[in-house]
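Residue-level structural notes
In case you want the letters, here they are:
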Amino acid sequence: MGEKKLSQYQETLQSIKEIAEELGYEEAEYITLLSPEREVTVSLPVTMDDGSVRVFQGYRIQDNSARGPYKGGVRYHPEVEIEEVRDLALLMSLKCSVADIPYGGAKGGITIDPRELSETELERLTRKYAEKIYPIIGAEIDIPAPDMNTNAKIMGWFKDEYSKIAGVQVPGIVTGKPVEVGGSLGRNEATGLGVSTITHAFAQNQKLVPEETRVVVQGTGNVGLITAQCLAKEGYKIIALSNVAGAVYNANGFDVSVLDLANGDQKNYDLLTAQEGSEEIPMNELLSVECDILIPAALQNQIRADNADQIKAKIVIEAANAPVSAEGEAILIKRGIKVLPDILCNAGGVVCSYFEWVQNLQHFSWTLEEVNTRLIAKMKSAFAAVLAMQAEKNCTYRQAAMLIAVDRIVKATKFKGKY
Ligand SMILES: NC(=O)c1ccc[n+]([C@@H]2O[C@H](COP(=O)([O-])OP(=O)(O)OC[C@H]3O[C@@H](n4cnc5c(N)ncnc54)[C@H](O)[C@@H]3O)[C@@H](O)[C@H]2O)c1
């Protein structure tokens, strides 16, 4: 019989064990990181518009609370299943720890293709989910946020339902809300601003001059487009971009300031192809365009064992979650390509969520400038810590980020005292 393949969650657990041992910890000191603190499965009966009733399956997994309340998004996707939610919850514990914000990690999800539901059905489903997980969440207990296929509007419904049951307004129960109901200025742009802050800091560290640095970005959504626009403002040359509409190359660099998230993928693509010097290229060639910095900001598992040898970048910045597989990374590293990990690069979103929560708890809103200044400072300090750890251990940047994350969680666990 062949060996059973480890799930992504089991692989993450394995790397945590290795990291904790590298840090010199005994198993008793890190054992609590190896299982979620609480897992809840809920069934969600929803009356559909035609009067029929469908029952959906939902989850909330609270991974670790050593460093603070649980924090993590809620995804609506047909492939949501408990083992994946476990892994995502654990990654949130690590991401909050690397970013040094006072949160643990959690994740939630509902197994549903939201395109199958009308808006009113989606609202009823969201309200039912809030009601069913109400007993285990709270503004100082566990704070959900948007993730795949969930957005500010859904967070607004969630907050409203929670507040109704609580009998008081609880804006801090979720982050990523519309600004009109307690969301933070800058939240939509935060992940891209964070990615560009890390990219710029690393380019400086590698002695790259922005005007001579060619950048390729996969994805022109929330993360990819804002990252490209922030980097272009710093002087970087964005020479290739792609989205579901296609891939386009321009050796002179694009004017990305004309793009707008509200345009959607097709219109932004048309605006790029219309620029002088632009040429359309096959989608699968985008990742192998010769450049200095490659930023996959669309999907997971884009750089793998079968294509990592074709990457012609000096640096890969993981803006999406897990765009580089473990095998893909090993090949890149062997070829001298530096990879900055997702738990560092895309932490800007959760850092700004933290700022939103702080504003909610204080009932006091910050200006956009205050939000962005604090965000940039937080990202720079997380980057500096990872850089220092990498230099000390002579390891990969991912290992350095993991070493910091695990060390901080284990130390916080110790300060909780004995069980
Ligand atoms: N939005 C956030 O705050 C945030 C935070 C952390 C991590 N992430 C991760 O970043 C990634 C992107 O998130 P987003 O919010 O920008 O999503 P989005 O839906 O706004 O944008 C995704 C973009 O990727 C493009 N795309 C999809 N398939 C593609 C393909 N095969 N080739 C090229 N482009 C393709 C889409 O056309 C779109 O432009 C995801 O992995 C997400 O989990 C997002």
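Residues numbered from 1 in each chain as written. Predicted model: local features only at pLDDT ≥ 70, side-chain atom pairs only at ≥ 80, totals over all residues. Heavy atoms only, no water.

Some words on the overall build of the protein chain
- Across its full length, the protein chain holds 13 helices and 12 strands.
- Taking the principal axes of the C-alpha coordinates as reference, the protein chain spans close to 60 × 55 × 55 Å.
- For the protein chain, the proportion of its 419 residues judged to be buried stands at 55%.
- When contacts within the protein chain are restricted to residue pairs at least 6 apart in sequence, long-range pairs at least 24 apart make up 68% of them.
- Carbon and sulfur atoms form 51% of the exposed surface of the protein chain, whose accessible area is close to 18,500 Å².
- Charge centroids of the protein chain, computed over 43 positive and 56 negative side chains, lie 4 Å from each other. (Helix = DSSP H or I, 4+ residues; strand = E, 2+ residues; numbered from the N terminus. Buried < 20%, exposed > 50% of the residue type's maximum accessible area, 1.4 Å probe, protein only. Contact = heavy atoms within 4.5 Å. Areas by Shrake-Rupley, 256 points an atom, 1.4 Å probe, with all protein chains shown as cover. Lys, Arg positive; Asp, Glu negative; His and termini not counted. Charge placed at Lys NZ, Arg CZ, Asp CG, Glu CD.)

Considerations on the domain arrangement of the protein chain
- Once the domains are mapped, the protein chain shows domain 1 (37–174) and domain 2 (188–345).
- Contact with domain 1, which involves four residues of that partner, is made by four residues of domain 2.
- Around 390 Å² of area is buried between domain 1 and domain 2 when both sides are counted, 62% of it from carbon and sulfur atoms.
- Counting the contacts that link domain 1 with domain 2 gives zero salt bridges.
- At the surface where domain 1 touches domain 2, the tally comes to one residue pair in polar contact (both at pLDDT 80 or more).
- A class-by-class count of the residues in the side of domain 1 that touches domain 2 yields three nonpolar, no polar and one charged. (Domains from an automatic or database assignment. Buried area = accessible area lost by both parts, 1.4 Å probe. Salt bridge = Lys/Arg side-chain N within 4 Å of Asp/Glu carboxyl O. Polar contact = N/O pair within 3.5 Å; in protein donor to acceptor, adjacent residues only side chain to side chain. Nonpolar A, V, L, I, M, F, W, Y, C, P; charged D, E, K, R; others polar.)

With respect to the sheet that holds strand 10 (residues 293–296)
- Across the sheet, seven strands lie side by side as 9-8-7-6-10-11-12; this open sheet has mixed pairing. The sheet is open, and its two borders are formed by strand 9 (279–281) and strand 12 (338–340), each paired with just one other strand. Adjacent strand axes in the sheet meet at a mean angle of 20°, parallel and antiparallel pairs treated alike.
- Packing against the sheet, helix 6 (residues 187–205) makes contact with strand 10, strand 11 (315–317) and strand 12, and its axis sits at approximately 160° to strand 10.
- Strands strand 6 (214–218), strand 7 (237–243) and strand 10 of the sheet are contacted by helix 7 (residues 222–233), whose axis makes an angle of about 170° with strand 7. (Pairing = 2+ DSSP bridges. Axes fitted to C-alpha atoms, helices over the stretch in contact; angles between N-to-C directions.)

Focus: the sheet that holds strand 3 (residues 70–77)
- Read from one edge to the other, the open sheet built from five strands follows the order 1-2-4-3-5, with strand pairing classed as mixed. Whereas interior strands pair on both sides, the edge strands pair on one side only; in this sheet they are strand 1 (38–47) and strand 5 (142–146). Within this sheet the neighbouring strands show an average axis-to-axis angle of 25°, counted without direction.
- Alignment of strand 2 (residues 53–64) against strand 4 (residues 105–111), held across six bridges, turns out to be antiparallel. Counted as the bridge partner of Gly 58 is Ile 110 from strand 4.

Here we look at the pairing of strand 7
- Of all seven residues that make up strand 7, six are buried, and the element is covered over most of its length.
- Relative to strand 7, strand 6 is paired through five bridges, and the arrangement is parallel. Paired with Val 216 across the strands is Ala 240, a residue of strand 7.
- Handedness of the crossover joining strand 6 and strand 7 through helix 7: right-handed.
- When strand 7 meets strand 8 (residues 246–249), the two strands line up antiparallel, connected through four bridges. Paired with Ala 240 across the bridge in strand 8 is Tyr 249.
- Linking strand 7 back to strand 8 in an antiparallel pair, the connection comprises two residues. (Right-handed = clockwise from strand over helix to strand, strands pointing away.)

Some points on a nonpolar patch on the surface
- A contiguous nonpolar patch, built from Val 179, Leu 185 and Leu 368 and spanning about 240 Å² of accessible area, is present on the exposed surface.
- Take Val 179: it is sitting in the loop between helix 5 (152–166) and helix 6. (Patch = residues over 30% accessible without salt bridge, like charges linked within 9 Å, V, L, I, M, F, W, Y side chains within 5 Å.)

Thoughts on the pattern of salt bridges
- Across all of its chains, the model carries 27 salt bridges by this definition.
- Ionic pairing is found between Arg 398 and Glu 329, a salt bridge with its closest N-O pair at 2.6 Å. Placement of the pair is Arg 398 in helix 13 (residues 397–415) and Glu 329 in helix 9 (residues 326–334), with a sequence separation of 69 residues. Per residue, the accessibility class of Arg 398 equals that of Glu 329, and both read buried.
- Its salt-bridge partner being Asp 407, residue Lys 411 comes within 2.8 Å of it at the nearest N-O pair. On the criterion of helical spacing, the pair formed by Lys 411 and Asp 407 is a turn pair, its members being four residues apart in helix 13.
- On the basis of relative accessibility, which here comes to 15%, the residue Asp 407 falls in the buried class.

So, the site of the ligand
- Looking at the ligand, there are 20 residues lining it, with Thr 191, Asn 222, Val 223, Val 244 and Asp 265 nearest.
- Between an oxygen atom of the ligand and a main-chain N or O atom of Asn 222, the distance comes to 3.0 Å.
- Contact between the ligand and Val 223: an oxygen atom at 2.8 Å from a main-chain N or O atom of the residue.
- Relative to its unbound accessible area of 840 Å², the ligand is 71% covered by the protein chains.
- Secondary structure elements with two or more residues in the shell around the ligand: helix 6, helix 7 and strand 7.
- Split into classes, the residues belonging to the shell around the ligand amount to eight nonpolar, 10 polar and two charged. (Near = heavy atom within 4 Å.)

Describing the pairing of strand 1
- In this sheet, strand 2 lies alongside strand 1 in antiparallel orientation, the contact comprising 10 bridges. Looking at the pairing, Val 40 lines up with Arg 60 of strand 2.
- Between strand 1 and strand 2, which pair antiparallel and follow one another directly, the connecting turn spans five residues, one of which, Gly 51, has a positive phi of 95°.

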